[in-house]
Amino acid sequence: MKEEINKEEELNKGNKKLSFKDIFFISFGGQAPFISLLTFGTVIIGKVGTQAPFAMLVATLVVLFNGVVIYSLSGRFKRGGGYYTYAFYSLTSRLGLNTGWNYLLYGLAYGGTLLTGGAYVLYTIISTYVPSTILPSIFYDQWFYALIVGIIATSIVLAGVQVSAKYAIGASMVEILIISLLSLLFLYDSKWNFYNPIPSSITPTLISAVVFGLGIPTGYGSIAPLGGETNPKTIGKAAISVLLFGGGLATFFFYSLAAMNFTGNLIDYLLFRFGLIGTFIIALIALSDGTLGGMTYILADSRTLKAMAEDRIMPSGLSKVKYSELLVGLVFITALTAMSYTFGLYNTFTILGALAGLNNLFVHISANSSLIRIASKRALKHLHEIFIGIFASLISISVFLYSLPTFNKYIVYLFFGWIILGFIYAEALEISRESGEEEEGSKG
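One structure accompanies this document, and this report is about it. Just so we're clear, the structure is a prediction, and the values are computed from it rather than from any experiment.

**So, the overall build of the protein**
Next, step 1: Check the secondary structure of the protein and you find 15 helices and 0 strands.
Next, step 2: For the protein, the C-alpha radius of gyration of 22 Å lies close to 22 Å, the compact-globule estimate for 444 residues.
Next, step 3: With the principal axes as the frame, the protein shows a C-alpha extent of 75 × 55 × 45 Å.
Next, step 4: For the protein, with 444 residues in total, the buried portion stands at 58%.
Next, step 5: Across the protein, contacts joining residues at least 24 apart in sequence account for 85% of those joining residues at least 6 apart.
Next, step 6: Across the protein, 28 positive and 24 negative side-chain charges occur, with their mean positions spaced 7 Å apart.

Below, the structure is given as structure tokens:
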């Protein structure tokens, strides 16, 4: 293990392109905060109403423990691949494969939620305010917006990681300002109604809302696979900084909404509240934010795929960044356009949001296990890390099991079906390799 990691470190010397600021804003962009609040937030408010700020606070704490695990792991690995690499080198190659396999779906689901969320807001605005006689009929088809936003996000990724980072910095700073101003405005509208957000009881529905809330501050999931393009310790520092900042900002946003006793559709409310000029601004932010969120997870999935290809788990051609980026981008565009055509944009981001939450917990349980395994080799020296890994695992497993019955059964089938496909792929790969070795032996 050490020899392979050291080899990777040598290859990456002098190739650390991204600074802490770049990684912080790519991670914050991975949250796609404005769209996350509109999409995940609308679902959370629909489930628990004015308990949304408490659900968001709990989600942030769950993410924090998982983020501390990533902080500990990222400093130990010098190569890219994130969760896949952690499991592959600290657990077993087969568990590494399954973790990478599930991360690919997680990246598609989470990034797809943000992309289709941005497309949904854009579609809602245009279909509501622009008469059908003005624009060609294709502008009133929902799949068209998923296609456009997907193409833009993929194009930025293909332009290079530095271009992606610069876009993330500019777009994220604008969003921080807007979310902060909106939160203060809602508090002003409530006549500064400060209240105790902690509910008297915890229900399964509240836990289900927490699972959707995990999708808001988990932007560091998009930077874990970028270890080959920055100092690995930077990944950990940015992960903690971003989840605390993003989770705190989101909790404040929901708190200010609940201060007004708001329980409706957040997107419809914002369109009603700010009129035509505000609607135009929201449309631009939605396009930018959906693009930003999708872009970061196309980057993340492509680096995971690249690392898997380098370990001969995926076709070797995908070890080249441009090929893996192009393939992941095409999968995003095709899958999201097809789903939007079949289910509509709102149902698409609801389906993908649930899948993102379930896969989020799965890959973090794997990462927690990786930390426990590594820290156990020198248990006395790393006792605190063992505790963190166990505690984070217990939280993630509890949330996973408690919330599972609340999801649509077909989403659960798809989630477990994907895991089973991963095991089948792992077995097929193993059989193929053994057959190849047997043939080589017989020839010898």
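There's more to say after this.
**A closer look at the packing of aromatic side chains**
Next, step 1: Applying the stated criterion across every chain yields a total of 35 aromatic pairs.
Next, step 2: When the centroid spacing of 6.0 Å and the interplanar angle of 55° are considered together, the rings of phenylalanine 186 and tyrosine 269 count as tilted. One end of the pair, phenylalanine 186, is in helix H8 (residues 161–189); the other, tyrosine 269, is in helix H11 (residues 266–310), and 83 residues separate them in sequence. Judged on exposure class, the residue phenylalanine 186 and its partner tyrosine 269 are both buried.
Next, step 3: Looking at arginine 273, its charged tip hangs above the ring of phenylalanine 274, at a distance of 5.3 Å from the centre.

**Description of the environment of phenylalanine 391**
Next, step 1: As for its position among the elements, phenylalanine 391 is in helix H14 (residues 383–403).
Next, step 2: Separated by 262 residues in sequence, phenylalanine 391 and tyrosine 129 place their C-alpha atoms 50 Å apart.

**Some points on H8**
Next, step 1: Under the 1.5 Å per step criterion, the end-to-end length of H8 is 41 Å for 29 residues, consistent within 8% with the ideal 42 Å.
Next, step 2: Where H8 ends, the next residue or the one after it, lysine 191, has phi of about 65°, a positive value.

**Focus: a nonpolar patch on the surface**
Next, step 1: A contiguous nonpolar surface patch, about 760 Å² in accessible area, is contributed by Leu177, Leu181, Leu184, Tyr188, Trp192, Phe194 and Phe252.
Next, step 2: Ranked by residue count, the leading element in the nonpolar patch is H8, at 4 residues.
Next, step 3: Looking at the secondary structure, you find tryptophan 192 in the loop between H8 and helix H9 (204–213).

**Brief notes about the environment of lysine 191**
Next, step 1: Position of lysine 191 relative to the elements: it lies in the loop between H8 and H9.
Next, step 2: On the basis of relative accessible area, lysine 191 is assigned to the exposed category, the value being 71%.
Next, step 3: Spatially, the C-alpha atoms of lysine 191 and alanine 259 are 8.7 Å apart, while their sequence positions differ by 68 residues.

**Overview of the layout of surface pockets**
Next, step 1: The space that makes up the second largest pocket amounts to roughly 360 Å³.
Next, step 2: Residue lining of the second largest pocket: 19 residues in total, with Leu104, Leu105, Leu108, Val331 and Trp418 positioned closest to the centre.
Next, step 3: Contributing elements (two or more residues each) for the lining of the second largest pocket: helix H6 (93–129), H11, helix H12 (321–343), helix H13 (345–376) and helix H15 (409–443).
Next, step 4: For the lining of the second largest pocket, the element with the highest residue contribution is H12, accounting for 6 residues.

**Let's talk about empty space enclosed by the protein**
Next, step 1: Going through the model one piece at a time under the given rule, you end up with 3 cavities of 30 Å³ or more.
Next, step 2: Together, Ser74, Phe77, Arg79, Gly80, Gly82, Thr85, Tyr86, Ala224, Gly227, Pro232 and Ile235 line the largest cavity.
Next, step 3: Elements with a minimum of two residues in the lining of the largest cavity: helix H5 (83–90) and helix H10 (232–258).
Next, step 4: In terms of residue class, the lining of the largest cavity is built from 5 nonpolar, 5 polar and 1 charged.

**Some points on the environment of threonine 334**
Next, step 1: Relative to the assigned elements, threonine 334 resides in helix H12.
Next, step 2: In this structure threonine 334 comes out as exposed when scored by relative accessible area, which is 53%.

**Quick look at H13**
Next, step 1: Taking 1.5 Å per residue, 32 residues should reach 46 Å; H13 reaches 46 Å between its end C-alpha atoms and fits that length.
Next, step 2: Of all 32 residues that make up H13, 23 are buried, and the element is covered over most of its length.

**Details of the side chain of threonine 291**
Next, step 1: Here threonine 291 shows up in helix H11.
Next, step 2: At 2.7 Å, the side chain of threonine 291 and the backbone oxygen of leucine 287 are in polar contact.
Next, step 3: Excluding residues within four positions of it along the chain, threonine 291 makes contact with Leu115, Val149, Ile152, Ala153, Ile156 and Tyr167.

**Here's the deal with the packing of helix H3 (residues 33–48) against H11**
Next, step 1: Where H3 meets H11, the closest approach of the two axes is 9 Å, and the angle between their N-to-C directions is 125°. Judged on the interaxial angle alone, H11 and H3 are oblique. In this structure, H3 uses Pro33, Phe34, Ile35, Leu37, Leu38 and Thr42 to contact H11, whose residues at the interface are Leu266, Ile267, Leu270, Ile282, Ile285, Ala286, Asp289 and Gly290.
Next, step 2: Within the contact of H3 with H11, the residues separate by chemical class into 11 nonpolar, 2 polar and 1 charged.

**Here we look at the packing of helix H2 (residues 20–31) against H8**
Angle between the axes and distance between the axes are the two parameters that describe a pair of packed helices.
Next, step 1: Running from N to C, H2 and H8 cross one another at 65°; their axes reach a closest spacing of 8 Å. Crossing of H2 against H8: the hand is left-handed. Residue-level contacts link Lys21, Asp22, Phe25, Ile26, Phe28 and Gly29 of H2 to Gln162, Ala165, Ala168, Ile169, Ser172, Met173 and Ile176 of H8.
Next, step 2: Looking at side-chain class alone, the contact of H2 with H8 contains 8 nonpolar, 3 polar and 2 charged residues.

**Here's the deal with the pattern of salt bridges**
Two side chains that carry opposite charge are able to pair once their charged atoms sit near each other.
Next, step 1: Inspection of the entire model under this criterion finds 8 salt bridges.
Next, step 2: Its salt-bridge partner being glutamate 427, residue arginine 94 comes within 2.6 Å of it at the nearest N-O pair. On the criterion of sequence distance, the pair formed by arginine 94 in helix H6 and glutamate 427 in helix H15 is long-range, its members being 333 residues apart.
Next, step 3: A relative accessible area of 39% means that glutamate 427 is categorised as partly exposed.
Next, step 4: The partner of lysine 306 in a salt bridge is glutamate 310, with the nearest N and O atoms 2.5 Å apart. In this pair, lysine 306 and glutamate 310 are both assigned in helix H11, 4 residues apart and thus about one turn of the helix distant.

The rules we used
- The written sequence of each chain sets the order in which its residues are numbered from 1.
- Predicted model: local features are reported for residues with pLDDT of at least 70 only, side-chain atom pairs are reported and counted for 80 or more only, and whole-chain, interface and lining totals are derived from all residues.
- No hydrogens and no water enter the side-chain calculation; it runs on all heavy atoms of the structure.
- Counting from the N terminus, the helices are the DSSP runs of H or I reaching at least four residues and the strands are the DSSP runs of E reaching at least two.
- Throughout, the radius of gyration refers to the C-alpha atoms, and the reference size of a globule is 2.2 Å times the residue count to the power 0.38.
- Relative accessible area decides the class of each residue, using a 1.4 Å probe on protein chains only: under 20% of the type maximum gives buried, over 50% gives exposed, and in between gives partly exposed.
- When checking whether two residues touch, look at their non-hydrogen atoms; a contact exists if any pair is within 4.5 Å.
- For this count, His and the chain ends are skipped, Lys and Arg are scored as positive, and Asp and Glu as negative.
- Charge positions come from single atoms, namely NZ of Lys, CZ of Arg, CG of Asp or CD of Glu.
- Aromatic rings from Phe, Tyr and Trp, with only the six-membered ring used for Trp, were paired whenever their centres fell within 6.5 Å, and each pair was classed as stacked if the ring planes differed by under 30 degrees, edge-to-face if by over 60, and tilted otherwise.
- Both a distance and an angle decide whether a charge sits over a ring: NZ of Lys or CZ of Arg must be within 6 Å of the ring centre and within 35 degrees of the ring normal.
- Helix span is expected to be 1.5 Å times the residue number reduced by one.
- Patch definition: residues above 30% relative accessible area lacking any salt bridge, with like charges linked at up to 9 Å and the nonpolar side chains Val, Leu, Ile, Met, Phe, Trp and Tyr linked at up to 5 Å.
- For the accessible areas, the method is Shrake-Rupley and the probe is 1.4 Å, while residue cover comes only from the protein chains on display.
- Think of a salt bridge as a Lys or Arg side-chain nitrogen and an Asp or Glu carboxyl oxygen that are within 4 Å of each other.
- For cavity detection a 1 Å grid was placed over the protein atoms alone, and a set of points counts as a cavity when a 1.4 Å probe fits there but cannot get out; an open set counts as a pocket when protein lies on both sides within 12 Å along at least five of seven lines, with lining residues being those that have an atom within 4 Å of a point.
- Grid points are joined across faces, edges and corners, and a volume is the space filled by probe spheres set on the points.
- Classes in brief: Ala, Val, Leu, Ile, Met, Phe, Trp, Tyr, Cys and Pro nonpolar; Asp, Glu, Lys and Arg charged; the others, Gly included, polar.
- The definition of a polar contact used here is a pair of N or O atoms within 3.5 Å, where within protein one atom must be able to donate a hydrogen and the other to accept one, and adjacent residues in sequence count solely through side-chain atom pairs.
- The axes are straight lines fitted to the C-alpha atoms, using for helices just the contacting stretch, and the angles between their N-to-C directions are given from 0 to 180°.
- The cut-offs work like this: below 35 degrees is roughly parallel, past 145 is roughly antiparallel, 65 to 115 is roughly perpendicular, and the gaps in between are oblique.
- Here a crossing is taken to be left-handed if its near helix is turned anticlockwise relative to the far helix by less than a right angle, and right-handed if that turn runs clockwise.

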